[in-house]
Amino acid sequence: MNGLTAREQAPAVSAGLTQEQTRLLFVGATMLAALVGSGISSYLALGPKSAFVLTPTLAASYVVYAAWTRDAFVARMIVFGLVVGFGELPADYFGVAVNKTLVYPPDEPLIWVSPAYMPLSWMVMMLQLGTVANWLTSMWGLLKTTGALAVLGGINIPLYEMLAHNAGWWHYQNTPMFLGVTPYYVILAEVLLSLALPLVVSQVAQARGFKLVALGVAQSVWLLLTGVFASWLVSR
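In this report, the structure presented in the accompanying data block is examined. None of the values given here were measured: they were computed from a predicted structure. (Residues numbered from 1 in each chain as written. Predicted model: local features only at pLDDT ≥ 70, side-chain atom pairs only at ≥ 80, totals over all residues. Heavy atoms only, no water.)

One non-glycine residue, Asp107, lies in the positive phi region at around 60°. The exposed category is assigned to Asp107, whose relative accessible area is 83%. Notably, Leu179 is not glycine yet its phi reads approximately 55°, a positive angle. If you trace the backbone, Leu179 turns up in the loop between strand E5 (177–178) and strand E6 (182–183). When its relative accessible area of 71% is taken as the criterion, Leu179 is described as exposed. (Buried < 20%, exposed > 50% of the residue type's maximum accessible area, 1.4 Å probe, protein only. Helix = DSSP H or I, 4+ residues; strand = E, 2+ residues; numbered from the N terminus.)

Here's what the structure looks like:
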């Protein structure tokens with residue numbers, strides 16, 4: 001179902017657990033760690049420095065995990081996520097410089113108009129959501145998983161945006177917002193982005209080389225298009 005070879009699905013080192021079970025436990029633990037770290041940053045209003053610590057730490061943990069367990073799926077999601085992360089920079093540019101709704105703190109290291117940690121942040125998010133999508137698809141099939149992930153994305157993004165806002169990582173302006181924090185167009189864009197992810201991840205699970213990079217580029221283009229469309233629709 002997930003497209004990995006028998007060797008790539010070999011049992012992990014952990015006693016009594018398959019590689020998929022070990023992966024789910026590890027990714028679940030890192031998702032909890034990310035939530036706790038974001039919550040602390042939000043509560044203490046730590047500013048962008050906390051994002052520059054938390055995000056690379058999470059990204060590095062996945063690289064170490066993939067190398068230690070020889071988990072091909074995680075390795076592929078790292079490559080895919082990095083392509084999406086850098087490919088997302090035009091979408092950030094649209095929010096910052098075109099419709100001028102997204103505002104990052106001044107005087108932080110940037111790549112173009114985005115915080116330097118942002119490509120890693122997207123890599124982390126793609127890997128986490130992709131792992132969940134891959135697991136659910138193996139149980140529910142592609143159609144049900146697509147619906148479930150769209151709902152999850154719509155529910156998750158207001159919480160994440162609230163934490164980021166209170167932490168001082170970024171904020172929005174000049175657009176209708178849910179609870180004064182999360183733009184409605186961002187929620188819609190997240191739902192549309194999540195709709196494509198299960199199908200894309202099912203291809204990433206068996207992709208190599210150029211195809212793997214091409215899937216990341218395609219997801220990046222979809223990300224930009226959904227953001228522009230959602231912004232246009234909400235502003236009408």
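Additional details are given in the paragraphs that follow.
In contact at an axis separation of 9 Å, helix H5 (residues 118–140) and helix H6 (residues 142–167) are set at 145° when each is read in the N-to-C sense. Every pair of crossing elements has a handedness; the one defined by H5 and H6 is right-handed. Facing Ser121, Leu129, Val132, Ala133, Leu136, Thr137 and Trp140 of H5, the residues of H6 in contact are Leu142, Lys144, Thr145, Ala148, Leu149, Leu152 and Tyr160. When its residues are assigned to classes, the contact of H5 with H6 shows 10 nonpolar, three polar and one charged. (Axes fitted to C-alpha atoms, helices over the stretch in contact; angles between N-to-C directions. Left-handed = near helix turned anticlockwise from the far one by under 90°. Contact = heavy atoms within 4.5 Å. Nonpolar A, V, L, I, M, F, W, Y, C, P; charged D, E, K, R; others polar.)

Quick look at the side chain of Gln19 now. Its location among the elements puts Gln19 in helix H1 (residues 19–44). On the basis of relative accessible area, Gln19 is assigned to the buried category, the value being 4%. At 3.3 Å, the side chain of Gln19 forms a polar contact with the backbone oxygen of Thr69. (Polar contact = N/O pair within 3.5 Å; in protein donor to acceptor, adjacent residues only side chain to side chain.)

Counting residues in each nonpolar core, the largest one holds 52 residues, and the members touching the most others are Phe80, Trp122, Met126, Trp169 and Trp170. At the level of secondary structure, the elements contributing two or more residues to this core comprise H1, helix H2 (48–69), helix H3 (72–87), H5, H6, helix H7 (184–204) and helix H8 (209–235). Here the element with the most residues in this core is H5; it accounts for 11 residues. If we ignore the near neighbours within four places in the chain, the residues touching Met126 are Met77, Phe80, Gly81, Val84, Leu193, Leu197 and Gln219. (Core = buried A, V, L, I, M, F, W, Y, C linked by side-chain atoms within 4.5 Å.)

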